[in-house]
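The lines below spell out each chain.
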Amino acid sequence: MKKEILALLEKNSRLSDDDIAAILTVDAVAVTTAIRELENEGILCGYSALIDWEKFGQEVVTAYIEVRVSPQRGHGFDKVAERIYQFPQVKACNLMSGGFDLFVVVEGKTMKEVALFVAERLAPVEFVLSTATLFVLRKYKDHGVLLGRHHIDERELVIM
Amino acid sequence: MILKNMIRKNVSEAPPSGIRKYFDLINEMKDAISLGIGEPDFETPWSIREEGIYSLEKGKTFYSSNAGFLELRNEIHRYMRERFSLTYNPVSEIIVTVGGSEAIDIALRMLVGPGDDVLLPEPSFVAYKGCARFTGANVVPIPLKAENRFRLQPEELLAAITPNTKVLIISYPSNPTGATMEWDDYAKLVKVLKDRDIVVISDEIYAELLYEGKHVSIAQFPEMRDKTIVVNGFSKTFAMTGWRIGFACAHPDFMEQMKKIHQFAIMCSPTMAQFAAIEALRNGLPEMERMVSEYDQRRKVMVEGFRSAGLDCFEPVGAFYVFPDIRSTGLSSDEFCERLLVDEKVLMIPGTAFGDCGEGFVRATYATSLDSIREAISRIKRFVDSVVSEGDALQESAR
């Protein structure tokens, strides 16, 4: 049941426990208990909303930063990754295969803010060899959702 | 001068749909929630749409053979065999039609006319009755019962058969009830049908929208295979309603004749849709399964919602309809739907739209978003509560 709950919440974290109970044909109390357990185990890590800030009229600058680092004896990439992901400006940080090592997602209010963060905070981190900053110009699709396209039900009434 | 008297009576006297007035009402409303539309709310999966677009880009804008591209019929052959264990020769036993609706129409036109009886278990999709009447045939409704989970019973079938009976139309999973039939249910019908000259038109358009068990077709019974015309299509399975594409499978003797009507009336199905349909059958099944699992989630929320609103609700395991029993409110189906729409701006379709025996029931579709379903359910709850307390007050004052 936990796996089904996770799959449902991953798609729509606003589903109520009652809805989930109805969908899985189980008791609502059991759903509440399971969700609490998943939260306590650190498997359900948080609930966030997907927002088209641009549409709201607020600019948010997102940059994907390719970071090359030199791994450390005994720690590999973990230590340097930790130094980077602790910054609140860093929204995501992943170790990658390929031509660079860490892929870091940074958000800020302006391009300058993001650029300065990279120049002053990220690049000087010990063992960081180089950075390449790629700014997002337009988001088309995020978390499986098409942005900028408001769904309107255009189905006409037909006799069926 | 309009020569109204020239119009044939079996056309002019066919009643217009009783649902029309609701459509007029809802069109003037804001914030109305429609649980009335009988089509998927999903867009056609992208890879399928893309194949249609690509066919236009390549300039593939010509007729196909009357029966449809052989490539598509080959895919239909494979699909029917793999999904439903039904084997039809792609050359002589399959034709591609303009939606399942055309298949039903041409099958009826081939088989019946004035003096013939068409048996129609009701409540049912509205087009069967209309198409049968236009041929001049006589429609004999067989009222299905909620206590039998709207499954056709052998004794009901037997009682309706006369020497004039030529066709039985069956459609499971059912619009509007969401009912299904299992192997044992069909086996009993087969006993009644196997030695009689009755052709079965089995509309299996909702075959893939099944949430429990495995779809059974009456054509899977060897003794029925050549007496059955199986109708299916892409509209419901792959959310392709506007493409207008379906197909029929039957013995070559039937197919040859249906093909004649089809070729003179229609020529061939839209080719853009045919190219898209090939992609649907080749690669569309995972997307179809994703849609089915979403329907299933909404189905459960909706059934649970109706029950918690105090409406008795038989568990539908197919199609995307719920058919709750509203008799406890003391209202007729029509009153219920009209008042619900006016008071709470929720559209459901009265059961009577699908046959007289639909009285006491209403049809709601869960081919709409979960949010709409939840909001609709809370409005329906409020409505049912107010109707019930109104009824209690009336009883009180009568005492």
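**Student:** What is the right way to read the overall build of chain A from this model?
**Tutor:** If you tally the helices and strands in chain A, you get 6 helices and 6 strands. In chain A, the succession of α and β elements from N to C terminus is α-α-α-α-β-α-β-β-α-β-β-β. In terms of overall size, chain A is more extended than a compact globule, its C-alpha atoms giving a radius of gyration of 21 Å where 160 residues would be expected to give roughly 15 Å. Taking the principal axes of its C-alpha atoms as reference, chain A extends roughly 65 × 40 × 25 Å. In chain A, once contacts between residues fewer than 6 apart in sequence are set aside, the share between residues at least 24 apart is 54%.

**Student:** Even after reading the chapter, I still don't get the packing of helix 5 (residues 99–111) of chain B against helix 6 (residues 126–134) of chain B, so can you show me in this structure?
**Tutor:** For any two helices packed against each other, the geometry is given by the interaxial angle and the distance between the axes. Residues and elements named next belong to chain B. The interhelical angle for the contact between helix 5 and helix 6, taken along N-to-C directions, is 35 degrees, at an axis separation of 9 Å. Considering the relative orientation of helix 5 and helix 6, their crossing is right-handed. Contact residues: Ser101, Ile104, Asp105 and Leu108 in helix 5; Ala127, Tyr128, Cys131 and Ala132 in helix 6. By residue class, the composition of the contact of helix 5 with helix 6 is 6 nonpolar, 1 polar and 1 charged.

**Student:** I would appreciate a short explanation of the confidence of the model for chain B in the present structure.
**Tutor:** Regions with low pLDDT carry predicted coordinates that are not meant to be interpreted in detail. In this model, chain B carries a mean pLDDT of 95, and residues with pLDDT of at least 70 account for 99%. Two summary scores accompany this predicted model of the complex, namely pTM at 0.90 and ipTM at 0.75.

**Student:** What is the right way to look at the packing of helix 3 (residues 46–57) of chain B against helix 11 (residues 271–283) of chain B in this model?
**Tutor:** Residues and elements named next belong to chain B. At their nearest, the axes of helix 3 and helix 11 sit 8 Å apart, and the two run at 145 degrees to each other. Crossing angle aside, the handedness with which helix 3 passes helix 11 is right-handed. In contact with Ser47, Ile48, Arg49, Glu51, Gly52, Ser55 and Leu56 of helix 3, helix 11 contributes Thr271, Met272, Ala273, Phe275, Ala276, Glu279, Ala280 and Asn283. Residues that form the contact of helix 3 with helix 11 fall into these classes: 7 nonpolar, 5 polar and 3 charged.

**Student:** Got a minute to help me understand the nonpolar core in this structure?
**Tutor:** Ranked by size, the top nonpolar core spans 126 residues in total, and within it B:Ala107, B:Val167 and B:Ala248 carry the most contacts. A:Ala63, A:Ile65, A:Ile84 and A:Phe117 belong to the second largest nonpolar core, which has 13 residues in total.

**Student:** How do you make sense of the sheet that holds strand 3 (residues 102–108) of chain A when you look at a structure like this?
**Tutor:** What links the strands of a sheet is backbone hydrogen bonding, and the strands pair in either a parallel or an antiparallel sense. Residue and element names in this part refer to chain A. Within the open sheet, the 4 strands sit side by side as 2-3-1-4. Their pairing is antiparallel. Every other strand in the sheet has two partners, leaving strand 2 (90–95) and strand 4 (128–135) as the edge strands with one partner each. The sheet shows a mean angle of 20 degrees between the axes of neighbouring strands, direction not considered. Of the pairings in the sheet, the one linking strand 1 (residues 61–69) to strand 3 comprises 7 bridges and is antiparallel in character. Of the residues in strand 3, the one forming a bridge with Thr62 is Glu107. Helix 5 (residues 78–85) rests against strand 1, strand 2, strand 3 and strand 4 of the sheet, and its axis sits at about 165 degrees to strand 2. Here helix 6 (residues 111–122) sits on the sheet and contacts strand 1, strand 3 and strand 4; the angle it forms with strand 4, its principal contact strand, is near 175 degrees.

**Student:** Before we go on, may I ask you to explain the pairing of strand 4 of chain A in this structure?
**Tutor:** All names here are of chain A. Of all 8 residues in strand 4, 0 are buried, a share of ten percent or less. Sheet topology places strand 1 next to strand 4; 7 bridges connect them, and they run antiparallel. Opposite Val67, over in strand 4, you have Thr131 as the bridge partner.

**Student:** What is the right way to read the environment of B:Glu39 from this model?
**Tutor:** Residue and element names in this part refer to chain B. Counting through the fold element by element, Glu39 comes out in the loop between strand 1 (33–34) and helix 3. According to the C-beta neighbour criterion, Glu39 is partly exposed, with 18 such atoms within 10 Å. Spatially, the C-alpha atoms of Glu39 and Pro324 are 19 Å apart, while their sequence positions differ by 285 residues.

**Student:** Mind showing me how you'd approach the interface of chain B and chain A here?
**Tutor:** Where interface size is given, it is often the accessible area lost as the parts come together that is meant. Contacts between chain B and chain A engage 14 residues on the former and 9 residues on the latter. Broken down by element, the residue count for the side of chain B that touches chain A peaks at 4 residues, all from helix 12 (residues 285–308) of chain B.

**Student:** Honestly, the sheet that holds strand 9 (residues 321–322) of chain B in this entry has me stumped. Any pointers?
**Tutor:** Residues and elements named next belong to chain B. Spatial strand order, 9-12-11: 3 strands in an open sheet with antiparallel pairing. Because the sheet does not close on itself, it has two edges, and the strands there are strand 9 and strand 11 (349–350). One ladder, built from 2 bridges, connects strand 9 with strand 12 (residues 362–365); its direction is antiparallel. Counterpart to Tyr321 in the pairing with strand 12 is Thr365.

**Student:** Looking at this model, I keep getting lost on helix 10 (residues 252–265) of chain B. Mind explaining?
**Tutor:** Because each turn of an α-helix spans 3.6 residues, side chains separated by three or four positions in sequence point in the same direction. Residue and element names in this part refer to chain B. In a regular helix each residue adds 1.5 Å, so 14 residues correspond to 20 Å; helix 10 covers 20 Å between its end C-alpha atoms and thus fits that length. All of the buried residues along helix 10 are Phe254, Met255, Met258 and His262. Seen from one end, helix 10 has its buried residues packed into an arc of 90 degrees, which puts them on one side. Those residues of helix 10 that are exposed and angled more than 90 degrees off the buried face are Asp253 and Phe264. Where helix 10 is buried, its residues contact strand 2 (94–97), helix 5, strand 7 (228–233) and strand 8 (246–249). Taken from the residues just after helix 10, Met267 is the one with a positive phi, measuring 80 degrees.

**Student:** So what exactly am I meant to see when it comes to helix 14 (residues 370–398) of chain B here?
**Tutor:** Residues and elements named next belong to chain B. Taking 1.5 Å of rise per residue, 29 residues should cover 42 Å, and helix 14 covers 42 Å from first to last C-alpha, within 8% of that figure. When helix 14 is considered as a whole, its buried residues turn out to be Ile373, Ala376, Ile377, Ile380, Val384 and Val387. In this structure, the buried side of helix 14 is in contact with strand 1, helix 12, helix 13 (333–344) and strand 10 (346–347).

Criteria and cut-off values
- Residues numbered from 1 in each chain as written.
- Chains lettered and ligands numbered in written order.
- Predicted model: local features only at pLDDT ≥ 70, side-chain atom pairs only at ≥ 80, totals over all residues.
- Helix = DSSP H or I, 4+ residues; strand = E, 2+ residues; numbered from the N terminus.
- Rg over C-alpha atoms; globule rule 2.2 N^0.38 Å.
- Contact = placed C-beta atoms within 7 Å.
- Axes fitted to C-alpha atoms, helices over the stretch in contact; angles between N-to-C directions.
- Left-handed = near helix turned anticlockwise from the far one by under 90°.
- Nonpolar A, V, L, I, M, F, W, Y, C, P; charged D, E, K, R; others polar.
- pLDDT = per-residue confidence, 0-100.
- Core = buried A, V, L, I, M, F, W, Y, C linked by C-beta atoms within 7 Å.
- Buried ≥ 20, exposed ≤ 12 C-beta atoms within 10 Å, placed from the backbone.
- Pairing = 2+ DSSP bridges.
- Expected span 1.5 Å × (residues − 1).
- Arc of directions from axis to C-beta.

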